[in-house]
Amino acid sequence: MLIKLFTYCIFLGSVLFPLSAFAKNVHGISEKNQSYFDLTKWNPLKTNSIELSGKWNFAWKVASLQKAMRNKTLIAVPGSWNTFTKSPNGYGWYVTHVTLPDSTSSPLELGLFFEKTYTAFNVYINGTKIHSCGKTGITEDVTIPMVNYQLVKIPNRLLTKTLSIAVFVSNF
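Attention here is on the structure that accompanies the text. (Residues numbered from 1 in each chain as written. Predicted model: local features only at pLDDT ≥ 70, side-chain atom pairs only at ≥ 80, totals over all residues. Heavy atoms only, no water.)

1. Thoughts on the nonpolar core
Burial of nonpolar side chains together is a common tendency in soluble globular proteins. Heads up, the rule is: Remark: nonpolar core denotes a set of buried residues (Ala, Val, Leu, Ile, Met, Phe, Trp, Tyr, Cys) joined through side-chain atoms within 4.5 Å. With a 1.4 Å probe rolled over the protein chains alone, any residue whose accessible area is under 20% of its type maximum counts as buried; one over 50% counts as exposed, and the rest are partly exposed. To qualify as a helix, a DSSP run of H or I must reach at least 4 residues; to qualify as a strand, a run of E must reach at least 2; elements of each kind are numbered from the N terminus. Whether two residues touch is decided by their heavy atoms; if any such pair falls within 4.5 Å, the residues are in contact.
Counting residues in hydrophobic clusters, the biggest one holds 28 residues, and the most contacted among them are Leu39, Leu52, Trp56, Tyr94, Leu112, Ile165 and Val167. Of all the elements, strand β10 (residues 110-125) adds the most residues to this core, at 6 residues. Discounting chain neighbours no more than four positions away, the residues touching Tyr94 are Trp56, Asn57, Phe58, Ile75, Val77, Trp81, Ile165, Ala166, Val167 and Val169.

2. Brief notes about the packing of aromatic side chains
We apply this condition: Side-chain rings of Phe, Tyr and Trp (the six-membered ring for Trp) are treated as a pair once their centres are within 6.5 Å; stacked means planes under 30 degrees apart, edge-to-face means over 60, and tilted covers the remaining angles.
All told, the structure shown has 10 aromatic pairs when counted by the stated rule. Judged by centre distance (4.9 Å) and plane angle (70°), the rings of Trp60 and Trp81 are edge-to-face. Separated by 21 residues along the polypeptide, Trp60 in strand β7 (residues 54-60) and Trp81 in the loop between β8 (74-77) and α2 (82-85) bring together distant segments of the chain. By relative accessible area, Trp81 is classed as buried at 6%.

3. Quick word on unusual backbone geometry
Residue Pro78 is bonded to the preceding Val77 through a cis peptide linkage, with omega at 0°. Of note, Lys61 is a non-glycine position whose phi angle comes to about 55°, a positive value. Relative to the helices and strands, Lys61 is located in the loop between β7 and α1 (65-70). For Asn126, which is not glycine, the phi dihedral falls at a positive 50°. When you line up the elements, Asn126 lands in the loop between β10 and β11 (128-133).

4. Considerations on the pairing of β11
As a reminder of what qualifies: One requirement defines pairing of two strands: DSSP has to find at least two bridges between them.
Pairing of β10 with β11, which is carried by 5 bridges, proceeds in the antiparallel orientation. Across the sheet, the residue bridging to Ile125 is Thr128, located in β11. If you look at the hairpin formed by β10 and β11, you'll find 2 residues sitting between the two strands, and Asn126 has a positive phi there, around 50°.

5. As for the pairing of strand β9 (residues 90-99)
Extensive coverage of β9 is indicated by the burial of 9 of its 10 residues. In this structure, strand β5 (residues 36-38) lies alongside β9, joined through 3 bridges in parallel fashion. By the bridge assignment, Phe37 is partnered in β9 with Val98. As paired elements, β7 and β9 share 4 bridges and run antiparallel to each other. What sits directly across from Ala59, in β9, is Trp93. Relative to strand β13 (residues 162-171), β9 runs antiparallel, the two sharing 10 bridges. Paired with Gly92 across the bridge in β13 is Val169.

Coordinates in, geometry out; function isn't part of it.
Here it is, written out as structure tokens:
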């Protein structure tokens, strides 16, 4: 799953036009052995999207966010958990931290773009659930996947200098 952090600011009725659709992709800098993106040098007014590609913490078959936050197993994003789990079926957390530039304290709008997904997932910023795609679960009988591109606005009230981004994924 490719995940991009982007700025957007053009609204027309209920239609959202992400500026990132017109920007060249720029990759965030992920530390070699940790799940952390230092975007302090990112100028969102010049380049309005950043791919959060790199190492993320991964917690396989962990249901709680609190336990997932303590997990230090690293996995490549985008990528497949099959390289770690050897199974396409199950559930788990992808967690990373992003340090934003000081300019994000201005009225910039930030969001996350998820490329086309074939699963169910929930997105959390700083521990607060901000989006659901499909219905997540820890068993096949309760999980309902959704196939869709996802454009998720990060509420301004959750914007801090360092963001904790967690994605709970269930795939059955």
